[in-house]
Protein chains: 2
Amino acid sequence: MINNTQVGKQSVSFGTPPYIIEESSIAGKKEGEGPIGGYFDEVEEDAMCGGKTWEEAESRLQSRAISRVLKKAKLEPTDIRYLLGGDLLGQLIATSFGIETFEIPLFGLYGACSTMGESMSLGSMLIAGGYADKVIAITSSHFASAEKQFRFPLGYGNQRPLAASWTVTGSGAVVLSKDASDKKKGANVCITGATTGKIIDYGIKDSMNMGACMAPAAADLIFNHLTDFNRKPDYYDKIITGDLGYVGQEILVDILQEKGYNIEENHMDCGIEIFDTDNQDTHAGGSGCGCSAITLTSFILHKMRKEEWKKVLFVPTGALLSTVSFNEGNTVPSIAHGVVLEVM
Amino acid sequence: MINNTQVGKQSVSFGTPPYIIEESSIAGKKEGEGPIGGYFDEVEEDAMCGGKTWEEAESRLQSRAISRVLKKAKLEPTDIRYLLGGDLLGQLIATSFGIETFEIPLFGLYGACSTMGESMSLGSMLIAGGYADKVIAITSSHFASAEKQFRFPLGYGNQRPLAASWTVTGSGAVVLSKDASDKKKGANVCITGATTGKIIDYGIKDSMNMGACMAPAAADLIFNHLTDFNRKPDYYDKIITGDLGYVGQEILVDILQEKGYNIEENHMDCGIEIFDTDNQDTHAGGSGCGCSAITLTSFILHKMRKEEWKKVLFVPTGALLSTVSFNEGNTVPSIAHGVVLEVM
């Protein structure tokens, strides 16, 4: 019997929590040279991934992430009922061209860099709602396709302010399943709940400071999550945001402190973990849909499968930046989506 | 008890089908002058909707569609647990800026012009899965914001080939609910099932012939829907596609004929219905996310509430066109999403 529960204002808990039975991470060269480089399944040295354009390169990352996760889980594309995915590019072209050969029914999602949280939330809802036995949640980003779309041509060699982040090149995918895997690869990790974000807009217009744009959305999500479930931050071994970076982390901690929650002790940000900013010239940290996705599917799930962390609140964060709205003088509204990962 | 069923390869049926308790349609001037103009809730004469940019105009259409549907349903934003929506613009800016003041948890979706099918599919799944009592599914398009993004500046006055369609200016929204409305406004209409589309790519590269790009996706969706549910086309009073137009309709009927299904008798296309092409210079017909959305939320649901049609397969169709991928020589892949509407 399916017994899902609406929790508080914007959360749900799952009667039968879906398992993350397998995960894959395909990373770029720079990410491979960073502090968590040793945890990735594949590090691609060629920025074009053997393709002809940056966009094609990003599509290939997604394609390889799916192939890899299917292979690791010993599954065929026909075993997957839905694919939930998206990326940063207009009209989600990295996803469309990356996944089309698998012929899996698709829900295309856009949550900017929060996409992995959105896809895992909806994917879990579909499984725990009885609509699927197995789904794949996926996303990607690519430094060069993102710079080309959102900022300057690479050849221009613009200076980047210290608040700017570095878009991660990589794609991460998970297979969510109604049943646990019979493969022994460490502890079972389940998604026990999800909190869905609202658009939060503090009026910030600085496209070179995504951390400041997204921190209020992350704070709102985490605050509402803790309130909905009546939990304290120390319920979690880690509360992990997607790509706030150093600037955003400070704002996040401050806002939550004002609201009565101290997360300083157990907060971690994927954008801070993924690069060694002193030696890799990445300024505020990593960003992009791929940042939280490949950190989850390598380092974070590694820690959980070893039971070093048993309860994690995973909160990818997205700045809904568009050059059109930005050039028309608009703000950069943001959103975050949270999923509860627990060792079962 | 929740009792949803996976049907065939890519469909589901709902144990407790969600009700469409209310709908709203905000249309542009040209749409208001068309054959179904009399069915819209509002016709906006000003192409800018009182805003400063085309994108802002489109955001205002979404904002008004939500306000209108809430008012018609006598609901407050806090009564709505999730908003599922998207649009054609890069990074979904029409949606982000259109809906942010309502402060409703958001799942941002991208399915090009199939978005209304995607949002209603997922919205129904969330309700029938026990995650929400009420959700809003919404989408929009605007002729000028779409032309600006995908084709030529309006001031250039380019010639449009006869296979080209005319992007509909409008926004449609529905409130889906676990329980029927106590308001008497005609028959109750439920969503009893959904079929989720795959990306279909026949290699077509003509961005001025969206009908030909999308028809194979519509055919694949309808074929798989009928096969999954073991139904004949005449199970439905109408099988309604989103925006194939005259060119796409012919291809759709032909492909399905070859696969053994004759839908000629009961097929209808929103793109054909919404404009009087002989007198409105709209060539192949209407298109855009708003095309199927406002036809559904005016004419189609009017027919169903009067019980002139009792069973409808509603199949919005989307061409995943991007100027970046198109200019790099890529094809225009397509997708369609189907929902089963039944008078209960």
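That block above? That's the structure.
Residues numbered from 1 in each chain as written. Chains lettered and ligands numbered in written order. Predicted model: local features only at pLDDT ≥ 70, side-chain atom pairs only at ≥ 80, totals over all residues. Heavy atoms only, no water.

### Some details on the overall build of chain A
Next up, step 1: Along the backbone of chain A there are 11 helices and 17 strands.
Next up, step 2: Relative to the compact-globule value of 20 Å for 344 residues, chain A shows a C-alpha radius of gyration of 18 Å, a close match.
Next up, step 3: Seen through its principal axes, chain A has C-alpha atoms that stretch 55 × 50 × 35 Å.
Next up, step 4: Counted over contacts in chain A with a minimum sequence separation of 6, partners at least 24 positions apart contribute 78%.
Next up, step 5: In the structure as shown, chain A presents an accessible area of about 11400 Å², 46% of it carried by carbon and sulfur atoms. (Helix = DSSP H or I, 4+ residues; strand = E, 2+ residues; numbered from the N terminus. Rg over C-alpha atoms; globule rule 2.2 N^0.38 Å. Contact = heavy atoms within 4.5 Å. Areas by Shrake-Rupley, 256 points an atom, 1.4 Å probe, with all protein chains shown as cover.)

### A closer look at a negative patch on the surface
Next up, step 1: Together, A:Glu250, A:Asp254, A:Glu258, A:Glu264 and A:Glu265 give the surface a local cluster of negative charge.
Next up, step 2: By the secondary structure assignment, A:Asp254 is in helix α7 (residues 245–258). (Patch = residues over 30% accessible without salt bridge, like charges linked within 9 Å, V, L, I, M, F, W, Y side chains within 5 Å. Salt bridge = Lys/Arg side-chain N within 4 Å of Asp/Glu carboxyl O. Lys, Arg positive; Asp, Glu negative; His and termini not counted. Charge placed at Lys NZ, Arg CZ, Asp CG, Glu CD.)

### A closer look at the relation of the copies chain B and chain A
Next up, step 1: Each copy superposes on the other: chain B lies on chain A with an RMSD of 0.0 Å after a rotation of 180° and an axial shift of 0.0 Å. The superposition operator between the copies reduces to a two-fold rotation axis.
Next up, step 2: When the interface residues of chain B are mapped onto chain A, 100% of them again fall at the interface, so both copies present the same face. (Least-squares fit on C-alpha atoms with pLDDT ≥ 70 in both.)

### Thoughts on the side chain of B:Thr167
Residue and element names in this part refer to chain B.
Next up, step 1: Note that Thr 167 resides in strand β8 (residues 166–167).
Next up, step 2: A relative accessible area of 4% places Thr 167 in the buried class.
Next up, step 3: Residues contacting Thr 167, with those up to four places away along its chain left out, are Glu 31, Ser 141, His 142, Phe 143, Ala 146, Glu 147, Arg 151, Ser 287 and Gly 288. (Buried < 20%, exposed > 50% of the residue type's maximum accessible area, 1.4 Å probe, protein only.)

### Some points on the pairing of strand β10 (residues 189–195) of chain A
Residues and elements named next belong to chain A.
Next up, step 1: Taken across its seven residues, β10 has seven buried, putting it largely inside the fold.
Next up, step 2: Here strand β2 (residues 11–13) pairs with β10 via three bridges, running antiparallel. Within β10, the position partnered with Ser 11 by the bridge is Thr 195. (Pairing = 2+ DSSP bridges.)

### Notes on the pattern of salt bridges
All names here are of chain A.
Next up, step 1: Within this structure, the stated rule accounts for 30 salt bridges over all chains.
Next up, step 2: In this structure, the salt-bridge partner of Asp 41 is Lys 72, at a minimum N-O distance of 3.0 Å. One end of the pair, Asp 41, is in the loop between α1 (29–32) and β4 (42–44); the other, Lys 72, is in helix α2 (residues 54–72), and 31 residues separate them in sequence.
Next up, step 3: Classification of Asp 41 by relative accessible area gives partly exposed; the value is 22%.
Next up, step 4: We note a salt bridge from Glu 307 to Lys 310, for which the minimum N-O separation is 3.9 Å.
Next up, step 5: Residue class for Glu 307 comes out partly exposed when judged on its relative accessible area of 40%.
Next up, step 6: A network of salt bridges, in which partner residues are shared, links Glu 42, Glu 44, Arg 64 and Arg 68.

### Digging into α7(A)
Residues and elements named next belong to chain A.
Next up, step 1: When the terminal C-alpha atoms of α7 are compared, their 20 Å separation across 14 residues agrees well with the 20 Å that a helix rising 1.5 Å per residue should span.
Next up, step 2: Considered for burial, the residues of α7 that qualify are Gly 245, Gly 248, Leu 252, Val 253, Ile 255 and Leu 256. All buried residues of α7 project into a common sector of 165° when viewed along the axis, lining one side. For α7, the exposed residues set more than 90 degrees away from the buried face come down to Glu 250 and Glu 258. (Expected span 1.5 Å × (residues − 1). Arc of directions from axis to C-beta.)

### Brief notes about the interface of chain B and chain A
Next up, step 1: Of the residues lining the interface, 64 residues belong to chain B; the matching set on chain A comes to 64 residues.
Next up, step 2: Around 5000 Å² of area is buried between chain B and chain A when both sides are counted, 60% of it from carbon and sulfur atoms.
Next up, step 3: It is B:Arg81, B:Gln91 and B:Tyr131 that lose the most area in chain B upon contact with chain A, and together they represent 16% of the buried surface on that side.
Next up, step 4: Remark: the boundary between chain B and chain A carries two salt bridges.
Next up, step 5: Of the charged contacts, one joins B:Lys148 and A:Glu328 as a salt bridge, the two residues approaching to 3.0 Å between their closest N and O atoms.
Next up, step 6: Counting the contacts that link chain B with chain A gives 30 residue pairs in polar contact (both at pLDDT 80 or more).
Next up, step 7: Elements represented by at least two residues in the side of chain B that touches chain A include exactly β1 (5–7), β2 (11–13), α3 (93–99), β6 (106–108), α4 (115–128), α5 (143–150) and α11 (323–327) of chain B.
Next up, step 8: Per-class residue counts for the side of chain B that touches chain A are 31 nonpolar, 22 polar and 11 charged. (Buried area = accessible area lost by both parts, 1.4 Å probe. Polar contact = N/O pair within 3.5 Å; in protein donor to acceptor, adjacent residues only side chain to side chain. Nonpolar A, V, L, I, M, F, W, Y, C, P; charged D, E, K, R; others polar.)

### Quick look at helix α2 (residues 54–72) of chain B
Residue and element names in this part refer to chain B.
Next up, step 1: Spanning 19 residues, α2 covers 27 Å between terminal C-alpha atoms, matching the ideal 27 Å at 1.5 Å per step.
Next up, step 2: The set of residues buried in α2 consists of Glu 55, Ala 57, Glu 58, Ser 59, Leu 61, Gln 62, Ala 65, Ile 66, Val 69 and Leu 70.
Next up, step 3: Just past α2, the residue Lys 74 takes up positive phi, approximately 55°.

### What to know about the environment of B:His337
Next up, step 1: Here B:His337 is to be found in the loop between β16 (334–336) and β17 (338–343).
Next up, step 2: Distance in space between the C-alpha atoms of B:His337 and B:Leu221 is 7.0 Å, their sequence separation being 116 residues.
Next up, step 3: When neighbours within four sequence positions are excluded, B:His337 is seen to be in contact with A:Leu106, A:Phe107, B:Ser114, B:Gly117, B:Glu118, B:Thr195, B:Thr196, B:Gly197, B:Leu221, B:Phe314, B:Val315 and B:Pro316.
Next up, step 4: Engagement of the side chain of B:His337 in a polar contact is seen with the backbone nitrogen of B:Gly197, the distance being 3.4 Å.

### With respect to the packing of aromatic side chains
All names here are of chain B.
Next up, step 1: By the definition in use, this model includes 16 aromatic pairs over all chains.
Next up, step 2: The interplanar angle of 70° and the centroid separation of 5.2 Å between the aromatic rings of Tyr 39 and Phe 299 together place this pair among those described as edge-to-face. Taken together, the residues span a long stretch of sequence, with Tyr 39 in the loop between α1 (29–32) and β4 (42–44) and Phe 299 in helix α10 (residues 289–305) at a distance of 260 residues.
Next up, step 3: Both rings, one in Phe 152 and one in Tyr 156, keep their centres 5.3 Å apart while their planes meet at 40°; by these two values the pair is tilted.
Next up, step 4: Accessibility expressed as a relative area gives 57% for Tyr 156, which makes it exposed. (Phe/Tyr/Trp six-rings, centres within 6.5 Å; stacked < 30°, edge-to-face > 60°.)

### Regarding unusual backbone geometry
Next up, step 1: Non-glycine residue A:His283 carries a positive phi angle of around 55°.
Next up, step 2: Examined against the element boundaries, A:His283 turns out to sit in the loop between α9 (277–280) and β13 (286–287).
Next up, step 3: Look at A:His283 and you get buried, because its relative accessible area is 18%.
Next up, step 4: Of note in the backbone geometry, B:Asp281 takes a positive phi value of approximately 60° without being a glycine.
Next up, step 5: Tracing the backbone through its elements, the reader meets B:Asp281 in the loop between α9 (277–280) and β13 (286–287).

### With respect to the packing of helix α4 (residues 115–128) of chain A against helix α10 (residues 289–305) of chain A
Residues and elements named next belong to chain A.
Next up, step 1: For the pair α4 and α10, the least separation of the axes is 8 Å and the interaxial angle reads 60°. Taken together, the axis directions place α4 and α10 in an arrangement best described as oblique. Where α4 approaches α10, its residues Thr 115, Met 116 and Met 120 are matched on the opposing element by Cys 289, Ser 292, Ala 293 and Leu 296.
Next up, step 2: In terms of residue class, the contact of α4 with α10 is made up of five nonpolar, two polar and no charged. (Axes fitted to C-alpha atoms, helices over the stretch in contact; angles between N-to-C directions. Parallel < 35°, antiparallel > 145°, perpendicular 65-115°, else oblique.)

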